[in-house]
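What follows is each chain in one-letter form.
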Protein chains: 2
Amino acid sequence: MSESRKITLNESEIPTHWYNIVADMPNKPLPPLNPGTQEPIGPEALAPLFPMELIMQEVSQDQMVEIPDEVRDIYAMWRPTPMFRARNLEKMLDTPAKIYYKYEGVSPSGSHKPNTAVPQAYYNMKEGVKRITTETGAGQWGSALSFACSMFDIDCEVYMVRISYDQKPYRKMMMQTWGAEVFPSPSEKTQAGTQILAQDPDTPGSLGIAISEAVEIAATNDDAKYSLGSVLNHVLMHQTIIGQEAIKQLEKAGADLPDYVFAPFGGGSNFAGISFPFLKLNLTEGKNIQCIASEPTSAPKLTRGVFRYDFGDTVGMTPLIPMYTLGHTFVPAKIHAGGLRYHGAGAIVSQLLADGLIGAEAIDQLESFEAGVKFAKAEGIVPAPEANHAVASVIRAAEQAKIEGTSKTILFNLCGHGNFDMLAYQDYFAGNLKRHEMSQEEVDSAVSKIDTPTVESVKEMLMG
Amino acid sequence: MSESRKITLNESEIPTHWYNIVADMPNKPLPPLNPGTQEPIGPEALAPLFPMELIMQEVSQDQMVEIPDEVRDIYAMWRPTPMFRARNLEKMLDTPAKIYYKYEGVSPSGSHKPNTAVPQAYYNMKEGVKRITTETGAGQWGSALSFACSMFDIDCEVYMVRISYDQKPYRKMMMQTWGAEVFPSPSEKTQAGTQILAQDPDTPGSLGIAISEAVEIAATNDDAKYSLGSVLNHVLMHQTIIGQEAIKQLEKAGADLPDYVFAPFGGGSNFAGISFPFLKLNLTEGKNIQCIASEPTSAPKLTRGVFRYDFGDTVGMTPLIPMYTLGHTFVPAKIHAGGLRYHGAGAIVSQLLADGLIGAEAIDQLESFEAGVKFAKAEGIVPAPEANHAVASVIRAAEQAKIEGTSKTILFNLCGHGNFDMLAYQDYFAGNLKRHEMSQEEVDSAVSKIDTPTVESVKEMLMG
């Protein structure tokens, strides 16, 4: 047999700690602001929504946070995840680059999302929470949380954007199989939903509305808390087991540290998961590993947005967070990579980008599917549309390496499989997909609507 | 952390040989007969359909057949597959039994089928075959072969039963993503299909018709061969890597040899894959491991059929094979476990059953889905409907162990995930599934239509 394709680790090699990059950041992320008063808020403001342990993690400055045994035990159902050397893809591209990928699609719900869903469910269970509410678009996050709640006997209520609820029933059924209740959003379960339905009974819904409903239920019921699948500091931290395992696996394969680490970028948890442990080597050991986020051209907040305080949701109910954003009312084009259709980026990732410590590039969805089909033919795994953005970045880098004749080492996070996304591939093959490059006018128009505080004004307020 | 859940092996522990149980069988399977003359046929009769190396494997008496390096190299994309101790399920059932499962759903197409699709594509490639034809129902086998052909740059033509082609587009898209051409069957590409369409333009198609089309193309085109995903000796043999890995994994976990090995049963490859290496221990080392096939009550050939020569297809084009059968014209009820809707069983498995060396039990689809949902809630993985039959058998055995207060060790083959089968779960939750117990009258009626030679008559002919 030729050189190993698959690099595996033993169950005992599941990381024992999550890595909190805040400890090593030269500039810490600025604090969140109260959405009403625009004053900095402390941990207590989040108590109605989250269990205290997660709030403490959200504001923690500790470099390493221990993973409870009960969480590692559930992780062991699919972790450590395999790493692969993409030898077939290298051959197809005829590139001198060495391409490795970490494959998170082996989790029960088929993506990296359970890495944070499990500890979130666990800490809620420990603090006596009986039910957790959340929102979901196409269902990737909702199914991860449904699985996690089934592991700890917690009721799970998922508010699923109505158009997805009607048109993409597979993930809905998966959530129900794990025992979750799934409601099309807007629903009559909440005031927010009821009001919206009264105005427009036929609304297709939106992620912003679904967030409002899930938050409302948690905020108004003592036995319920809310859970979010990306953006927040503790969510990003939970994902860092991906990169920690990857470092061990590259060592085991006798590979160099990567020149490039790529991941798709929606709110930041996927990118943070694989890249933060490598950024730690940059920040603490002087390494020079380029970590690059692959975002869609239809929601280019990192490459074309502004660094500004903004809301996490569309309606403006959440705290204001310092983020690269296109504005919380910006509605991205309806690309198939639903997980990347988000207007902003988490506070940590935004600060890292502002400080020049990470990079970003925008990938059009046509290029992303072209890359995904190449990958499937070479490596066998059909990637999720989100993952295809990173695959496209990898192919760009591998082709550049060929032009330069340099043997770069490239790593990327194959965050999930595309089993539930085959209609997207059908659309691609049928020629139904369009390019979604935003014009400068469109970007300017989106950004001009932002009326929330600037980062500079908040810095001045904090100094004053 | 508590005792290991997941037992992994290294890439170097992928088996080096397939196990050919024929070598150890006390009674060898009887030879196939020519469908026209009803005379025994030799290997040469299969040459228009299969490459010579596979034909030699089909008739081989060697105990071990070496796996080519190129095949092991592709296997390494997902093998060795993990084994799990189902500790959550044990706890849910409150049973003293120890339950282990081998998980084949980690393959690119999500089932055990690539284990034989890859070597079949490989040997075709080695003998210069440019395209392979096959049939598929819901698409599990077609997608496995499409993947395998993409690995060796062979064109793949899949004749997909029309009703599945129209109603279950996800696997069709997956096949196309891997570069296969997928035709709804019956099609106008063949004489068989053209004739059937002329009679009934709106026919939903059937697996029998699709086989006829795929075989016709291979038989009438020099550059094409045909490939089958179960039943045949070489196909069953390729799957034995599952059980070989399982034995190593049980050793590694410090577990006893199993008291019971369960697998779903359609044509036999799934069951053979996990059980034959354990049967080897029975046959050559005097062990007493009960290997039990879980078939659906709607196609109960092993528990209620007859041991008789019969055709592999509905139309009667294939050689006659000695098999437990309900008759080649028998049409099973439309249960969701499409992979188990087959009238007969492979020759080897049938001989083993006739000799009392394996067992079988029939599971109703309602019991199978009830078991599958329990499993999903406990273990996180949503099983394919086929796999649910084995899960139901496992739960029966675990509950019996509880009644008896004995700590049995149970192993089963979780042959695939249910990601493409969520509509089946939806039907189950909606209460749309019916019991499909056949009456004795229905069984008698099906069996009475069989007009092919008896096993006894062929034995007499061979002796004479």
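Note that the coordinates shown come from a computational prediction; the quantities given were computed from them, not determined experimentally.

Novice: Can you walk me through the overall build of chain A in this structure?
Specialist: Secondary structure summary: chain A contains 19 helices and 15 strands in total. Over its C-alpha atoms chain A spans a radius of gyration of 21 Å, differing by no more than 12% from the 23 Å that the globule rule assigns to 464 residues. C-alpha atoms of chain A, sized along the principal axes, occupy 60 × 50 × 45 Å. The buried share of chain A, reckoned over its 464 residues, is 64%. Pairs at least 24 residues apart make up 77% of the contacts formed inside chain A by residues separated by at least 6 positions. Entry remark: accessible area of chain A is about 16,000 Å², with carbon and sulfur atoms responsible for 48%. Of the side-chain charges in chain A, 38 are positive and 56 negative, and the distance between the mean point of each set is 7 Å.

Novice: Can you help me understand the domain arrangement of chain A in this one?
Specialist: Interfaces are often described in size by the accessible area the parts lose on coming together. Residue and element names in this part refer to chain A. Segmentation of chain A into domains returns domain 1 (6–14 + 66–110 + 234–440) and domain 2 (35–63 + 113–232). On a C-alpha basis, the centres of domain 1 and domain 2 stand 23 Å from each other. Across the contact, 41 residues belong to domain 1 and 36 residues belong to domain 2. Taking both sides of the interface into account, the surface hidden between domain 1 and domain 2 amounts to around 3,300 Å²; carbon and sulfur atoms contribute 66%. The largest per-residue losses of area from domain 1 upon contact with domain 2 belong to Ser109, His234 and Phe420, which jointly make up 21% of the total buried on that side. Applying the counting criterion to the domain 1 and domain 2 interface returns zero salt bridges. The tally of links from domain 1 across to domain 2 stands at 14 residue pairs in polar contact (both at pLDDT 80 or more). Among the secondary structure elements, those contributing two or more residues to the side of domain 1 that touches domain 2 are α2 (69–75), α10 (233–238), α11 (241–252), α12 (269–285) and β13 (320–325). With five residues, the top contributor of residues to the side of domain 1 that touches domain 2 is α10.

Novice: Looking at this structure, I do not really get the nonpolar core. What am I missing?
Specialist: Nonpolar side chains tend to gather and get buried jointly when the protein is soluble and globular. In this structure, Trp18(A), Tyr75(A), Val118(A), Trp18(B), Tyr75(B) and Val118(B) are the most contacted members of the largest nonpolar core, which totals 99 residues. Once residues lying within four places of it in the same chain are set aside, the contact partners of Tyr75(A) are Ile14(A), Trp18(A), Ile67(A), Pro114(A), Asn115(A), Val118(A), Pro119(A), His238(A) and Ile241(A).

Novice: Could you clarify how one ought to interpret the sheet that holds strand β15 (residues 409–414) of chain A in this entry?
Specialist: Residues and elements named next belong to chain A. Taken in spatial order, the seven strands make up an open sheet running β1-β4-β5-β15-β10-β11-β14, and their pairing is mixed. In this open sheet, the two edge strands, each paired with only one partner strand, are β1 (6–7) and β14 (359–363). Here strand β4 (residues 83–85) runs beside strand β5 (residues 98–103); their pairing, made up of three bridges, is antiparallel. By the bridge assignment, arginine 85 is partnered in β5 with tyrosine 100. Sheet strands in contact with helix α16 (residues 385–404) are β5, β10 (260–264), β11 (290–296), β14 and β15, and its direction is about 150 degrees off that of β10.

So, how was this worked out
Residues numbered from 1 in each chain as written. Chains lettered and ligands numbered in written order. Predicted model: local features only at pLDDT ≥ 70, side-chain atom pairs only at ≥ 80, totals over all residues. Heavy atoms only, no water. Helix = DSSP H or I, 4+ residues; strand = E, 2+ residues; numbered from the N terminus. Rg over C-alpha atoms; globule rule 2.2 N^0.38 Å. Buried < 20%, exposed > 50% of the residue type's maximum accessible area, 1.4 Å probe, protein only. Contact = heavy atoms within 4.5 Å. Areas by Shrake-Rupley, 256 points an atom, 1.4 Å probe, with all protein chains shown as cover. Lys, Arg positive; Asp, Glu negative; His and termini not counted. Charge placed at Lys NZ, Arg CZ, Asp CG, Glu CD. Domains from an automatic or database assignment. Buried area = accessible area lost by both parts, 1.4 Å probe. Salt bridge = Lys/Arg side-chain N within 4 Å of Asp/Glu carboxyl O. Polar contact = N/O pair within 3.5 Å; in protein donor to acceptor, adjacent residues only side chain to side chain. Core = buried A, V, L, I, M, F, W, Y, C linked by side-chain atoms within 4.5 Å. Pairing = 2+ DSSP bridges. Axes fitted to C-alpha atoms, helices over the stretch in contact; angles between N-to-C directions.

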